[in-house]
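Working through the structure, step by step
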Amino acid sequence: MSNQLKITRSIRKTIWLICLCSFLFPCFTSAQGGLKDGNAKREEIQRYFGYETLMYRYLSIPYDLTMNTNERGDFVDIGFLFLILLPLLFFIKYREKLWVLLGIPAMLIFIFIISTSNGFVFDHSANQLLVNNNGQTDYAINPEADGIGMMFIKSLYNFNNVLYTPFNKLGNAISGEQDYITYPLVLLIFIGLCALLFFNFRKNGSWFKLLTAAFFLLYIFFWYILSSGIIWYGFYGWLLGVVCMVLLLPSDTKEKIDKWTYIGTYSVIALWLVVGLFSRMSNINPGGGAATLGKNMINPIFLQQLVGKSSEKQILDMFYHDLGAATKKINRDKEALVYRVGTSFSYFIDNNHKRVFMDNQLGFFRRLEKRYPDKQERANVLKASNFRYLIIDLNTPTLDNTPEQSLVDKYNGLIEFVYKNPKVKLLATNRKVKVLGPDGKPTDQLAFNIFGKVVSNGTFAIYEIL
């Protein structure tokens, strides 16, 4: 027993020392939420984190990760189980303590208000996102077009925006793009969780359980302040969280929970697993049309390759128009460099680790644009630097969640560079447009090109620098 107490005290002293050092440093350090003026970190990394007031940016992370508020897609979807089960675990463990019964609901309501006031509503009737910026959006309710569910959600968000008003004033007063309060606040929350942990194990705790929970808290804390809300940096922490949820359940859990709570909890878990399994098997992607949902489990193009019916070039062209011919030309020119803006086409380029220069946020191109305003001269500069090919992801503007739309502005500069520039030549694209006539009006003639009245947006364009 004495050895266990010594280990527990050593762990406790170590964590308190880390807490003290970590607390004193941020008190004199400004927490920064990102830079402006087209900063690539702000455009790429902060889009996972959000662009609201810095203090609320941190406090809304649990809701944002669960609901995919800032970035949407399967690759950032962790499901709703953590947000549902973790508060329930506290209720079960401390159900007889009034401060828990009052504090947890108050905390969840607060997080919900600040999160939804910096979130979005997806309008199914219009098939678009209605973004709520800083609680300023007034969702118009249309009884004829909106169903009961949509009318309820819009009303709820409008009500939350009213409740958010005093919090907005408080956030603007003490926080902003950078402040001196966010890091100490996060640290106080972390210290409170550590205190709760040691209080729980003060009398009858296992040192193994204590060590596991302490490591979990430290891992999550550093992920919380350093990851900018990028979920895959915390995967190990989520695994530890599940382990801690199992280890920290009180021994008399079965006596404290009735059978209907058990049935409800396991039903929710089972429902999520079933829905998640079928969603991934069906290859259902956000933004896909209702007519295509669940119809892409197996791509028939892959089957043609497996049975040897089509060559590699034909397979590439089925996915991306003329990509096979373009990559073949690039690979013949073995010494030429490739300027790549987005896409994953490096895979098809030989010796790509030496030849491909990536500028996904167009920071380098913006500096080049400022130094060489004439686009023909800019093309000559690129060619003199041995760049012979330019690959453009046509969906680059969709990545821009910044309020100032800096990435969109840089992308427009890139498109202006290739527009009617005699120094560049289009090799391949899968964008389909209506060709413009001599009068500047679109004709009925269709072509694969970048400029014209867009019929199908496409995903890429490859240019040769002459």
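What counts and how
Here, residues in each chain are numbered from 1, in the same order as that chain's written sequence. Confidence filtering applies because this is a predicted model: local features only for residues at pLDDT of at least 70, side-chain atom pairs given and counted only at 80 or more, and all residues used for totals across whole chains, interfaces and linings. By convention in this description, side-chain values take in all heavy atoms of the structure and omit both hydrogens and water. A pair of strands counts as paired when DSSP detects no fewer than two bridges linking them. For helices the rule is a DSSP run of H or I covering at least 4 residues; for strands it is a run of E covering at least 2, with both sets numbered from the N terminus onward. Note on definitions: angles span 0 to 180 degrees between N-to-C directions of axes, and those axes are lines fitted to C-alpha atoms, for helices only across the stretch in contact. Any two residues whose heavy atoms approach within 4.5 Å at even a single point are treated as in contact. In this scheme, a residue with accessible area under 20% of its type's maximum is buried, one over 50% is exposed, and one in between is partly exposed, where area comes from a 1.4 Å probe on protein chains only. Here a polar contact is recorded for every N or O atom pair within 3.5 Å, except that within protein the pair must consist of a potential hydrogen donor and a potential acceptor, and residues adjacent in sequence are included only if both atoms are side-chain atoms.

Pairing is mixed in the open sheet, where five strands are placed in the order 6-5-7-12-8. Edge strands, defined here as strands with exactly one partner in the open sheet, are strand 6 (356–358) and strand 8 (424–429). Strand-to-strand twist across the sheet, computed as the mean angle between neighbouring axes with direction ignored, equals 25°. In this structure, strand 7 (residues 387–393) lies alongside strand 12 (residues 460–465), joined through five bridges in antiparallel fashion. Pairing of Ile392 across the sheet is with Ala461, part of strand 12. Strands in contact with helix 19 (residues 406–418) are strand 5 (337–341), strand 7, strand 8 and strand 12; relative to strand 7, the strand with the most contacts, it is inclined by about 130°.

As summarised here, the arrangement of the three strands in space is 10-9-11, forming an open sheet in which the pairing is antiparallel. Strands at the two margins of the open sheet, each flanked by one partner only, are strand 10 (442–448) and strand 11 (453–456). Here the strands of the sheet are splayed against their neighbours by 35° on average, with no regard to which way each runs. Note that strand 9 (residues 432–436) and strand 11 share three bridges and pair antiparallel.

Locating Thr402 in the fold gives a position in the loop between strand 7 and helix 19. Looking at Thr402, the relative accessible area reads 2%, which means it is buried. Side-chain polar atoms of Thr402 contact the backbone nitrogen of Ser406, separated by 3.4 Å. Excluding residues within four positions of it along the chain, Thr402 makes contact with Arg42, Glu43 and Tyr51.

In short, shape yes, function no, at least from these values alone.
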